[in-house]
Amino acid sequence: MNGFELVASAFTGEALGSSLMLDTDSLDPVGEEREGWGYIVQGTYTFDNAYGKTKFGLNYGVNEMDETSYEKSVRDATGFGEVEEQSMVTFGIYHDINAHLKVLVEASRIEHEWFNGEDWEVYQFGVGTFFIW
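Residues numbered from 1 in each chain as written. Predicted model: local features only at pLDDT ≥ 70, side-chain atom pairs only at ≥ 80, totals over all residues. Heavy atoms only, no water.

Enquirer: Hey, could you run me through unusual backbone geometry in this one?
Expert: Negative phi is the rule for most residues except glycine; trans is the rule for most peptide bonds. The phi torsion at N2 lies on the positive side, around 50 degrees, for a residue other than glycine. Its location among the elements puts N2 in the segment before β1 (4-14). On the basis of relative accessible area, N2 is assigned to the exposed category, the value being 69%. (Helix = DSSP H or I, 4+ residues; strand = E, 2+ residues; numbered from the N terminus. Buried < 20%, exposed > 50% of the residue type's maximum accessible area, 1.4 Å probe, protein only.)

Pasting the structure below:
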């Protein structure tokens with residue numbers, strides 16, 4: 001609507017994995033399926049200017065996994081925990097040079113949290129282009 005776009009999507013399921021469908025943590029070591037859920041929300045605004053079209057976008061996504069009974073027993077005994085939640089927020093600027101060439105700049109904050117209370121955070125910056133034919 002008038003250059004604004006909003007997208008929202010969510011999922012829930014079993015044995016999906018934390019990053020890729022059916023990756024290494026979709027099942028625990030004894031074969032029990034891990035349950036998970038997540039969502040992504042993205043808003044963008046596109047406007048025409050003297051140099052083509054430019055889009056500004058902001059998105060936020062989360063993927064959360066449940067801990068199985070086996071994983072909880074391992075965590076209680078060793079302190080090692082599986083990934084509980086991953087989240088990412090990204091701000092991007094995307095400019096159409098022409099109908100076939102786009103350039104972009106993105107900045108992201110990524111966070112992982114584990115069931116044992118550990119967490120990890122990283123900031124990522126990207127500049128790129130792609131050709132559409």
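Enquirer: Help me understand the sheet that holds strand β5 (residues 101-114), please; the structure alone is not making it clear to me.
Expert: With antiparallel pairing, the six strands of this open sheet are ordered in space as β1-β2-β3-β4-β5-β6. Sheet topology places β1 and β6 (119-131) at the edges, where each strand pairs with a single neighbour. Taken over all neighbouring pairs, the strand axes of this sheet differ in orientation by 10 degrees on average, direction set aside. As judged from the 12 bridges shared by strand β3 (residues 52-65) and strand β4 (residues 83-96), these two strands associate in the antiparallel manner. The residue bridging N59 from the neighbouring strand is T90, located in β4. (Pairing = 2+ DSSP bridges. Axes fitted to C-alpha atoms, helices over the stretch in contact; angles between N-to-C directions.)

Enquirer: Is there a simple way to explain the side chain of H112 in this structure?
Expert: Counting through the fold element by element, H112 comes out in strand β5. A polar atom in the side chain of H112 sits 3.1 Å from the side chain of Q86. Apart from residues no more than four positions distant in its own chain, H112 is found in contact with E85, Q86, E118, D119 and W120. (Polar contact = N/O pair within 3.5 Å; in protein donor to acceptor, adjacent residues only side chain to side chain. Contact = heavy atoms within 4.5 Å.)

Enquirer: What should I look at first to understand the packing of aromatic side chains in this one?
Expert: Two numbers describe a pair of aromatic rings. These are the distance of the centres and the angle of the planes. According to the stated counting rule, one finds seven aromatic pairs in the structure shown. For the ring pair F47 and F56, a centre distance of 5.8 Å and an interplane angle of 10 degrees mean the geometry is stacked. By relative accessible area, F56 is classed as partly exposed at 32%. Both rings, one in F131 and one in W133, keep their centres 6.2 Å apart while their planes meet at 20 degrees; by these two values the pair is stacked. Per residue, the accessibility class of F131 equals that of W133, and both read exposed. Grouping aromatic residues by their ring pairs yields a cluster made of F4, Y45, F47, F56 and F91. (Phe/Tyr/Trp six-rings, centres within 6.5 Å; stacked < 30°, edge-to-face > 60°.)

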